[in-house]
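Letter by letter, the chains look like this.
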Amino acid sequence: DTSSLVEAFHSSLAFDQRLYPQDIAGSIAHATMLGEQGIIAQGEAAALVNGLTDILTDLRAGTLKLDPTAEDIHTNVEQILVDRLGPVGKKLHTGRSRNDQVALDMRLYLREESKKVQRLIKELLCVLLTLAEKHAATIMPGYTHLQRAQPVTLGHHLLAYVCMLIRDCERLSDAQKRANVCPLGAGALAGTTFDLAPARVAELLTFPAVSLNSIDAVSDRDFVIEFCAAASILMMHLSRLSEEIVLWSSSEYSFIELDDAYSTGSSIMPQKKNPDVAELVRGKTGRVYGSLMAVLTQMKGLPLAYNKDMQEDKEALFDVIDTVKGCLAVYAPMLASMTVKVDRLRQAAEGGYTNATDLADYLAKHGVPFREAHAIVGQAVMHAISLGKNLSEIDLAQYRQWHPAFNADLYKALELETCVNHRVAAGGPALQTTKATIAVVREWMASQA
């Protein structure tokens, strides 16, 4: 007999029990095909389908409990079926191995969960688009190296994250193409001598393709790795946004205020309002990265075909899915409920000489080589700093000492609205460009419905 220690160590039911809907769906399709192919009698196939349907109903209703001592969800469901139907239940596994069975379950599960993740991304996209539209003209400083660089708008800034999330959606859709392949019929690794119809099972389960190689069908976990990789990139994007939420909500920046419902207090400091949601998302990003590394490491040295190491992919994948869904679910309402401090954003853009590049552009448009213009404006900035003034507060006579190309219209060029709205090139922060970008994204969203 197997040691009780080994049985406990070997069992995966504690985590793979969540696969029961997919396992039963796969078994129903398999039983249907066995009957259609004449491998078992049609009446036996019907009994199996009805028995499996009843088990699914009872598990969903909570009237049936799984056996905690079972090795895994696959053997548990089959044993329940045998207990209910008798010997006919033992015919379900004809022409099938747990190797291709679990591969099927994982693909079915990931297909469903990937779509749920995409729906949550799109909910967050809707919030970001609404904010971008509302703040398409809200001027703020754009940053490089965390230093104020050039004036942009909050709407334009948020659209950068919109672009990231669109890529995340598309990346998940692309990964689904490779996950959406039916492995059933591969058996343990070499197929079976029964006259199975894998294409029929694929049809019943709405898979557009079947595996081309039985060894690859049971040993492939690329689809798990690819999802975890796409999820890691998604979490990286959420983490970057979280970092900005943390910075912006600090008193040093004070660009936003998070709603009390999405903040926490301190156990000792009564004045504190902590951006814990954003911080947790930032922290959970490392957790998702770790799961990706875990599955890559599990698979890197495995000979073909199936090895028990591959059981370890489930906990990593399940944790990635739960973590990503949890982060997305809380992120959308957090952003939707935050208060944007429009005046503070503008005040920050007015400081830091963010319009200096526009002054250099002004000279360049008047025939001054840009490198020369760059040096002249550098002098102007140093002079303004020494006086504690903004560039717009320096008098024209002083500007003309630096270069005769300066005229009174330079002050119009220095206005923040001018700096922003003259940047009309595709992808720029100008109001008309921002509105056009939002329209393009909304059209993309509509096409995804």
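Relevant structure appears above.
This section reports on the structure supplied with the text. What you are looking at is a predicted structure, and each value in this text was computed from that prediction instead of being measured. Each residue is numbered by its place in its chain's sequence as written, counting from 1. Local features are withheld for residues below a pLDDT of 70 in this predicted model, meaning they are given only at 70 or higher, and side-chain atom pairs are given and counted only at 80 or more; totals for whole chains, interfaces and linings count all residues. Heavy atoms from the whole structure form the basis of all side-chain values; hydrogens and water molecules are not counted.

## Details of the overall build of the protein chain
Helix numbers and strand numbers start at the N terminus; a helix is a DSSP run of H or I with at least 4 residues, a strand a run of E with at least 2. Each helix and strand counted, the protein chain has 19 helices and six strands in total. In this treatment the radius of gyration is a C-alpha quantity, and the globule benchmark scales as 2.2 Å times the residue count to the 0.38 power. On C-alpha atoms alone, the protein chain measures out to a radius of gyration of 30 Å, which is more than a quarter above the 22 Å that the 2.2 N^0.38 rule sets for 449 residues. Oriented by its inertia axes, the alpha-carbon framework of the protein chain measures out at about 100 × 55 × 40 Å. Exposure categories follow from relative accessible area, calculated using a 1.4 Å probe and restricted to protein chains: below 20% of the type maximum is buried, above 50% is exposed, and the middle band is partly exposed. Within the protein chain, buried positions represent 49% of all 449 residues. Asp and Glu are treated as the negative residues and Lys and Arg as the positive ones, with His and the ends of the chain left uncounted. We put the charge of a Lys on NZ, of an Arg on CZ, of an Asp on CG and of a Glu on CD. Between the mean site of the 43 positive side-chain charges and the mean site of the 53 negative ones, the protein chain shows a separation of 4 Å.

## What to know about the nonpolar core
We call a set of buried residues a nonpolar core when its members are Ala, Val, Leu, Ile, Met, Phe, Trp, Tyr or Cys and they connect through side-chain atoms within 4.5 Å of each other. Counting 108 residues, the largest nonpolar core has I121, L124, F227, I245, V324, L328 and L335 as its most contacted members. The element best represented in this core is helix α6 (residues 98-134), accounting for 16 residues. Excluding residues that lie within four positions of it along the chain, F227 makes contacts with L110, S114, V117, L172, L317, V320 and I321. Membership of the second largest hydrophobic core comes to 22 residues, among which are L363, I376, V377 and L414. Two residues form a contact once any of their heavy atoms are found within 4.5 Å.

## Comments concerning the pairing of strand β1 (residues 139-144)
Where a strand is regular, its side chains alternate between the two sheet faces. When DSSP finds two or more bridges between a pair of strands, those strands are recorded as paired. The pairing of β1 with strand β2 (residues 147-153) spans six bridges and is classified as antiparallel. In the strand pairing of β2, G142 is matched with Q150. Hairpin geometry of β1 and β2 is characterised by an intervening segment of two residues between the two adjacent antiparallel strands and by a positive phi of about 55° at H145.

## Looking at the layout of surface pockets
Taken as a whole, the largest pocket encloses approximately 400 Å³ of empty space. Lining the largest pocket are 17 residues, and of these Y143, H157, Y161, R240 and E244 sit closest to its centre. Counting residues per element, the ones that place at least two in the lining of the largest pocket are β1, α7 (154-179) and α10 (222-248). There is about 260 Å³ of room inside the second largest pocket. Residues are said to line a cavity or pocket when one of their atoms sits within 4 Å of a point; the points come from a 1 Å grid over protein atoms alone, cavities being sets where a 1.4 Å probe fits but cannot get out and pockets being open sets with protein on both sides within 12 Å along at least five of seven lines. Looking at the second largest pocket, it is lined by 15 residues, and the ones nearest its centre are S249, S250, S251, I256 and K273. Grid points are joined across faces, edges and corners, and a volume is the space filled by probe spheres set on the points.

## Considerations on helix α5 (residues 73-85)
A helix is expected to reach a length of 1.5 Å times the quantity of its residues less one. The terminal C-alpha atoms of α5, which comprises 13 residues, lie 18 Å apart, in line with the 18 Å expected from a rise of 1.5 Å per residue. Those residues of α5 not exposed but buried are I73, H74, N76, V77, E78, I80, L81 and V82. Buried positions along α5 lie against α2 (13-16), α3 (20-36), α4 (42-61) and α6. For α5, the side-chain oxygen to backbone nitrogen distance between the N-cap and H74 is 3.1 Å, and the N-cap itself is D72. The positive-phi residue at the C-terminal boundary of α5 is G86, with phi of around 85°. By the criterion applied in these results, polar contacts are pairs of N or O atoms within 3.5 Å in which, for protein atoms, one can donate a hydrogen and the other can accept it, and in which residues neighboring in sequence qualify only through two side-chain atoms.

## Some words on unusual backbone geometry
Residue L304 is joined to A305 through a cis peptide bond whose omega torsion reads 10°. Along the polypeptide, A305 turns up in the loop between α11 (276-299) and α12 (313-337). The residue H145 is not glycine, and still its phi comes out positive at about 55°. Of note, H145 is situated in the loop between β1 and β2. Positive phi is not limited to glycine here, since T206 has a value of about 55°. Relative to the helices and strands, T206 resides in the loop between α8 (198-204) and β4 (209-210).

## Thoughts on α11
In a regular helix each residue adds 1.5 Å, so 24 residues correspond to 34 Å; α11 covers 35 Å between its end C-alpha atoms and thus fits that length. The secondary structure elements touched by the buried residues of α11 are α9 (214-219), α10 and α12.

## Some details on the packing of aromatic side chains
Within 6.5 Å between ring centres, the rings of Phe, Tyr and Trp (the latter by its six-membered ring) count as paired, and their orientation is classed by plane angle as stacked under 30 degrees, edge-to-face over 60, tilted in between. A complete count under the given rule lists eight aromatic pairs for this structure. Judged by centre distance (5.3 Å) and plane angle (85°), the ring pair of Y253 and F255 falls under edge-to-face. Note on Y253: relative accessible area 17%, which makes it buried. What makes F255 buried here is its relative accessible area of 1%.

## Section: the packing of α4 against α5
For helices, the fitted line uses only the C-alpha atoms of the stretch in contact; every axis is such a line through C-alpha atoms, and the angle between N-to-C directions lies from 0 to 180 degrees. At a minimum axis separation of 10 Å, α4 and α5 run at an interaxial angle of 115°. By crossing handedness, the relation of α4 to α5 is classed as right-handed. Note on element contacts: α5 touches α4 through V77, I80, L81, R84 and L85, opposite A47, L48, G51, L52, D54, I55 and D58. Residue classes follow a fixed rule: Ala, Val, Leu, Ile, Met, Phe, Trp, Tyr, Cys and Pro count as nonpolar, while Asp, Glu, Lys and Arg count as charged, and any other residue, Gly among them, counts as polar. Among the residues making up the contact of α4 with α5, the classes are represented as eight nonpolar, one polar and three charged. Two helices crossing with the near one rotated counterclockwise from the far one by less than a right angle form a left-handed crossing, whereas a clockwise rotation gives a right-handed crossing.

## Quick notes on the side chain of T434
Here T434 is to be found in helix α19 (residues 431-448). Taking relative accessible area as the criterion, T434 reaches 1% and is therefore assigned buried. Other than its neighbours up to four places away in sequence, T434 contacts A136, T153, G155, H156, L159, G428 and P429.

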